[in-house]
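Inside the fold
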Amino acid sequence: MTEPAPASVPPAPPGTADCPASADAPPPPEAPSAEPAPQPAPPFNGPLMLHMPVDVRNLSLALLALFASVALLHWASAVFIPIMLSLLLTTALRPAVEALRRWRVPRWLGAGVLLVAIVSALASAAWSLSDGAGQLVDSLPMAAQKVRDNLRARASGGVSPLDTVQKAATQIEQAASENSAAAAPRRGVQRVIVERPPFNIRDYLWSGTMGLMSALGQLAVVIFLTYFSLASGNLFRAKLLRIAGTSLERRKVTIHVLEDITRQIQRYLLVQVFTSILVGLATGLAYWALGLQNAAVWGVAAGVLNLAPYVGSALVTGASALVAFLQFGTLDMALAIGGASLFIHTLVGNLLTPWLTSRTSSMSPVAVFVSVLAWGWLWGLWGLLLGIPVMMAVKAVCDRVEDLKAVGELLGD
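What counts as what
- Residues numbered from 1 in each chain as written.
- Predicted model: local features only at pLDDT ≥ 70, side-chain atom pairs only at ≥ 80, totals over all residues.
- Heavy atoms only, no water.
- Phe/Tyr/Trp six-rings, centres within 6.5 Å; stacked < 30°, edge-to-face > 60°.
- Salt bridge = Lys/Arg side-chain N within 4 Å of Asp/Glu carboxyl O.
- Buried < 20%, exposed > 50% of the residue type's maximum accessible area, 1.4 Å probe, protein only.
- Helix = DSSP H or I, 4+ residues; strand = E, 2+ residues; numbered from the N terminus.
- Patch = residues over 30% accessible without salt bridge, like charges linked within 9 Å, V, L, I, M, F, W, Y side chains within 5 Å.
- Areas by Shrake-Rupley, 256 points an atom, 1.4 Å probe, with all protein chains shown as cover.
- Axes fitted to C-alpha atoms, helices over the stretch in contact; angles between N-to-C directions.
- Parallel < 35°, antiparallel > 145°, perpendicular 65-115°, else oblique.
- Left-handed = near helix turned anticlockwise from the far one by under 90°.
- Contact = heavy atoms within 4.5 Å.
- Core = buried A, V, L, I, M, F, W, Y, C linked by side-chain atoms within 4.5 Å.
- Expected span 1.5 Å × (residues − 1).
- Bend = angle between axes of the 7 residues up to and from the residue.
- pLDDT = per-residue confidence, 0-100.

Here we come to the packing of aromatic side chains. Counted according to the given criterion, the structure contains 4 aromatic pairs. Chaining the aromatic ring pairs together yields one cluster made of Phe 224, Tyr 227 and Phe 228.

The full count for this structure, using the stated rule, is 3 salt bridges. Residues Glu 98 and Arg 107 are paired through a salt bridge, measuring 3.3 Å at the closest nitrogen-oxygen approach. For Arg 107, a relative accessible area of 19% translates into the label buried. Between Arg 263 and Asp 260 there is a salt bridge, with the nearest N and O atoms lying 2.4 Å from each other. Taken together, the residues Arg 263 and Asp 260, both in helix 8 (residues 248–290) and 3 residues apart, mark about one turn of the helix. Look at Arg 263 and you get partly exposed, because its relative accessible area is 36%.

Moving on, we get to a nonpolar patch on the surface. The grouping of Leu 59, Leu 61, Leu 63, Leu 64, Leu 66 and Phe 67 at the surface amounts to a nonpolar patch, some 610 Å² of accessible area in total. Looking at the element boundaries, Leu 59 is found in helix 1 (residues 56–75).

Glancing now at the packing of helix 8 against helix 9 (residues 295–305). Between helix 8 and helix 9, the shortest axis-to-axis distance is 7 Å and the interhelical angle comes to 155°. Relative to helix 9, helix 8 is oriented roughly antiparallel. When you trace helix 8 past helix 9, the crossing you get is right-handed. From helix 8, Ser 276, Val 279, Gly 280, Thr 283, Gly 284, Tyr 287 and Trp 288 reach across to helix 9, where they touch Ala 295, Trp 298, Gly 299, Ala 302 and Gly 303.

Turning to the nonpolar core, a few remarks are in order. Counting 27 residues, the largest nonpolar core has Leu 85, Met 363, Trp 375, Trp 379, Leu 386 and Ile 388 as its most contacted members. Those elements that place two or more of their residues in this core are helix 2 (77–102), helix 8, helix 12 (365–379) and helix 13 (381–400). By residue number, the principal contributor to this core is helix 13, which donates 8 residues. The contacts of Ile 388, once residues within four sequence positions are left out, are Tyr 268, Thr 357, Val 368 and Val 372. The next biggest cluster of nonpolar side chains, apart from the first, holds 14 residues, and it includes Tyr 287, Leu 292, Ala 324 and Val 348.

Here the focus is helix 13. Under the 1.5 Å per step criterion, the end-to-end length of helix 13 is 30 Å for 20 residues, consistent within 8% with the ideal 28 Å. Bending of helix 13 peaks at approximately 40° at the position of Gly 387, with proline Pro 389 no more than four residues after it.

Let's shift gears to the confidence of the model for the chain. Fine structural detail should not be taken from predicted coordinates in areas where pLDDT scores are low. Scored by pLDDT, the chain comes out at a mean of 74, with 66% of its residues at no less than 70. Of the regions scoring below 50 in pLDDT, residues 5–9 engages in 0 contacts with residues more than four places distant in sequence or in other chains. The model gives residues 15–23 a pLDDT under 50, and that stretch makes 0 contacts with residues more than four places away or in other chains.

This is the structure in structure tokens:
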């Protein structure tokens, strides 16, 4: 009886013969679970929130330091204003001193000659225009009184009931005072008469002299500081580089900051000189064409006051309108003179100057306007002149310091 043949087994693939079943074999794929698909999140209807870490301590210290700096600048304005004026003049006159040095003129001699020439030219111009300026100043109170009377007469159109009542009250008071003076004083009653102190011209001369001496003293301080700064050359710059440290990167950043400050201030001064000359010429020609007396004096005054943004234009417009009314006697000519000045200052001083300043300093016109307001509140008239150069220097420093780039971005255009 024959045995059945064994079932044939397919040959194993090569390399797997005689190998037991491995326990590391991948498990068979599982059947997909029957879990439900995730539903989309409902739309968020609340406001978007930006989470920014705020260090309250550092922020408080920064605000306290800012307030302390503002208080110090206001309290010590008599010291800081001459220093800032000296730095401004030094930056403006340094190219001329360097040009004289290239012609073999020492710095100390070139700086002295340049400052003496500038002071002499300003003094001679002021002396030549002093008579006309004195006439203008003397005529302003009379012009203001005349304008007020004319406006009152036009507004009332004649004698108003209020004027009649006031006149009657004045007559009654005068009659009562005459009767009381004629009557004998009562017994036991002492009459007191208050007399005004007599006019003493020495008081006015003394106060005016003290103000003039103070102004001349500050002018002398500015001139001497400017002379020493120009004569020292690049000494201040070399000291700043040594203070910055020995790192090449820090020295390079310091040099770039100083160059940016110098370049922007020089451009700003060129813009101011150009616009002031343009305003002065336009104002003088317009007043000469309209027949106003001392048109040259008005042109010089308009050019000088143009250095004080927004305030100088208002002063020139109001004063010239008053003098025009005194000269011509009509409100039409006064309005014509004031309108011409207002048009020139609006076109050149209040539109062209801020635009050119923002272009040359990379500062936004809003930052320029706010800077003028802030520094004018802090230092008065000098703040209007020095505010924009100070903010240019602040922006140049902030653009190069990593932690202060936000401030530079706010001031930029």
